[in-house]
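# Structure assessment
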Amino acid sequence: MIQISALPAFTDNYIWLLQDPHTHRCAVVDPGDAAPVLAWLKQNPEWHLSDILVTHHHHDHVGGVEQIKRVTGAKVYGPANEQIPARDVDLHDNDRISVLGWDFDVYAVPGHTLGHIAFYHPGVLLCGDTLFAAGCGRLFEGTPEQMHASLERLAALPADTLVYCTHEYTQSNLKFAQAVEPHNRDIAERVESVNQLRARGEITLPSNLALEKRTNPFLRTSETSVKQKADERNGRDNRSGAEVFASLRAWKDKF
């Protein structure tokens, strides 16, 4: 069984480390900085890094790729439609790859960037900056329609899927979620548990899709209370889920 843990990077990034205890091979996801990965490998010399998975081209996700590949010889997988340094395998929507003996389906999830991809293995979603715990990524390149469709696609996966996003934004995202739905008890409970985790210096991830559907406003655009709040914010009747999403995202950008 593959184990997944986080290597912290920068101020709030996580580089996900996947380990196969049987073969002592491992892989990393979105290594924006080589230092934490190489330090871990030095401390654990019995492990061999065989693969690097990349979700999108932003520097805090790819900055360490070339150096890690030089040192380890790892194979680099990344989205075909973006400039990914040292990429060996170009990935398109609905491709399937095998990493550490696990099959991953590749999903195109444009919005944060145009070529952004996510990796899905039953029970595990490596989603980069598309879906966050209680939030979603900013729209640097894509449209609200694209991001809404991407989030709906991820939300359709099984409810027990663990969500491995790449930033520790949960606390600030939940403040916004409470502003959208002040009477949502699930959000209030999640705020309490997340505050306790952070007070102890602990990570708030992975999340899971069941929890996200109860507490993440960007997955709740069809809820009447969320739509009403979005309508209030931009003073119009947001007819579609994508319009509700656009209103929420514009609000969150200034929140």
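Residues numbered from 1 in each chain as written. Predicted model: local features only at pLDDT ≥ 70, side-chain atom pairs only at ≥ 80, totals over all residues. Heavy atoms only, no water.

### Some points on the overall build of the protein
What counts here: Numbering goes from the N terminus for both helices and strands, where a helix is a DSSP run of H or I of at least four residues and a strand is a run of E of at least two. Radius of gyration: over C-alpha atoms. The globule rule applied is 2.2 Å multiplied by the number of residues raised to the 0.38 power. Throughout, exposure labels follow a simple rule: accessible area from a 1.4 Å probe, protein chains only, divided by the maximum for the residue type, with under 20% read as buried, over 50% as exposed, and the rest as partly exposed. Throughout, a residue-residue contact means that at least one pair of heavy atoms, one from each residue, lies within 4.5 Å. Note that His is not counted, nor are the chain ends; the positive residues are Lys and Arg, and the negative ones are Asp and Glu. Here the site of a charge means NZ on Lys, CZ on Arg, CG on Asp, or CD on Glu.
Helix and strand content of the protein: nine helices and 14 strands. Against the compact-globule benchmark of 18 Å for 255 residues, the protein has a radius of gyration of 18 Å, which places it among compact chains. Counting only C-alpha atoms, the protein reaches 55 × 40 × 30 Å along its principal axes. When burial is assessed residue by residue, the protein has 54% of its 255 residues classed as buried. Taking all contacts inside the protein whose residues are at least 6 apart in sequence as the whole, residues at least 24 apart take part in 57%. Averaging the locations of the 25 positively and 33 negatively charged side chains of the protein gives two centres separated by 4 Å.

### Some thoughts on the pairing of strand β8 (residues 102–108)
Rule in force here: Strands are treated as partners if at least two bridges between them are detected by DSSP.
Within β8, five of the seven residues are buried, leaving the element largely enclosed by the surrounding structure. Two successive antiparallel strands, strand β7 (residues 96–99) and β8, enclose a turn made up of two residues, where Leu-100 displays a positive phi of approximately 55°. Where β8 and strand β9 (residues 117–121) come together, four bridges link them in antiparallel fashion. Bridge pairing in β9 places Tyr-107 opposite Ala-118.

### Observations regarding the layout of surface pockets
Definition in use: A cavity, in this analysis, means grid points on a 1 Å lattice covering only the protein atoms where a 1.4 Å probe fits yet has no way out; a pocket is instead an open set bounded by protein on both sides within 12 Å along at least five of seven lines, and a residue lines either one if it has an atom within 4 Å of a point. Grid points are joined across faces, edges and corners, and a volume is the space filled by probe spheres set on the points. In the scheme used here, Gly and all other residues not listed as nonpolar or charged are polar, with Ala, Val, Leu, Ile, Met, Phe, Trp, Tyr, Cys and Pro taken as nonpolar and Asp, Glu, Lys and Arg as charged. Boundary definitions for the domains trace back to an automatic or database domain assignment.
Here the largest pocket defines a volume of roughly 280 Å³. Phe-132, Cys-136, Arg-138, Tyr-169 and Arg-249 are, among the 18 residues lining the largest pocket, the residues nearest its centre. Elements with a minimum of two residues in the lining of the largest pocket: α5 (170–180) and α9 (241–254). Tallied by class, residues from the lining of the largest pocket come to five nonpolar, six polar and seven charged. Both domains that furnish three or more residues to the lining of the largest pocket are identified here as domain 1 (1–162) and domain 2 (169–251).

### As for the pattern of salt bridges
Two side chains bearing opposite charge may form a pair once their charged atoms approach each other closely. As a reminder of what qualifies: For this document, the term salt bridge refers to a Lys or Arg side-chain nitrogen within 4 Å of an Asp or Glu carboxyl oxygen.
Applying the stated criterion across every chain, the model contains 16 salt bridges. The partner of Arg-198 in a salt bridge is Glu-168, and the shortest N-O contact between them spans 3.8 Å. In this pair, Arg-198 is assigned in helix α6 (residues 185–199) and Glu-168 in the loop between β13 (162–165) and α5, connecting sequence segments 30 residues apart. Assessed through its relative accessible area of 30%, Arg-198 is described here as partly exposed. For the salt bridge of Arg-239 with Asp-237, the shortest nitrogen-to-oxygen distance reads 3.2 Å. Residue classification places Arg-239 among the exposed positions, given a relative accessible area of 71%. A relative accessible area of 38% places Asp-237 in the partly exposed class. Within the structure, one salt-bridge network assembled from shared partners comprises Lys-227, Asp-231, Asp-237 and Arg-239.

### Structural notes on the domain arrangement of the protein
Accessible area lost upon the coming together of the parts is a frequently used measure of interface size. Rules: Simply put, the buried area is the total loss of 1.4 Å probe accessible area from both parts when two parts are fitted together.
You can read the domains of the protein as domain 1 (1–162) and domain 2 (169–251). The straight-line distance from the C-alpha centre of domain 1 to that of domain 2 is 24 Å. Taken together, the contacts link 25 residues of domain 1 with 25 residues of domain 2. Summed over both partners, the interface of domain 1 with domain 2 buries about 2200 Å², with 70% contributed by carbon and sulfur atoms. The largest per-residue losses of area from domain 1 upon contact with domain 2 belong to Ala-133, Ala-134 and His-148, which jointly make up 27% of the total buried on that side. Where domain 1 meets domain 2, there are zero salt bridges.

### A look at the UniProt feature "binding site: Zn(2+) 2" (unreviewed entry) in the protein
Put simply, the rule is: UniProt positions are given in the numbering used here, feature names are shortened, and annotations may be inferred rather than shown by experiment.
In the numbering used here, UniProt assigns the feature "binding site: Zn(2+) 2" (unreviewed entry) to Asp-60, His-61, Asp-129 and His-167. Separation in sequence by 108 residues is not matched in space for these annotated residues, since their most distant C-alpha atoms are only 10.7 Å apart. Cross-referencing the annotated residues with the largest pocket identifies Asp-60, Asp-129 and His-167 as lining it. Counting through the fold element by element, Asp-129 comes out in the loop between β10 (124–128) and β11 (131–132). Ignoring any residue separated from it by four or fewer positions in sequence, one finds Asp-129 in contact with His-56, His-61, His-112, His-116, Gly-137, Met-147, Thr-166 and His-167.

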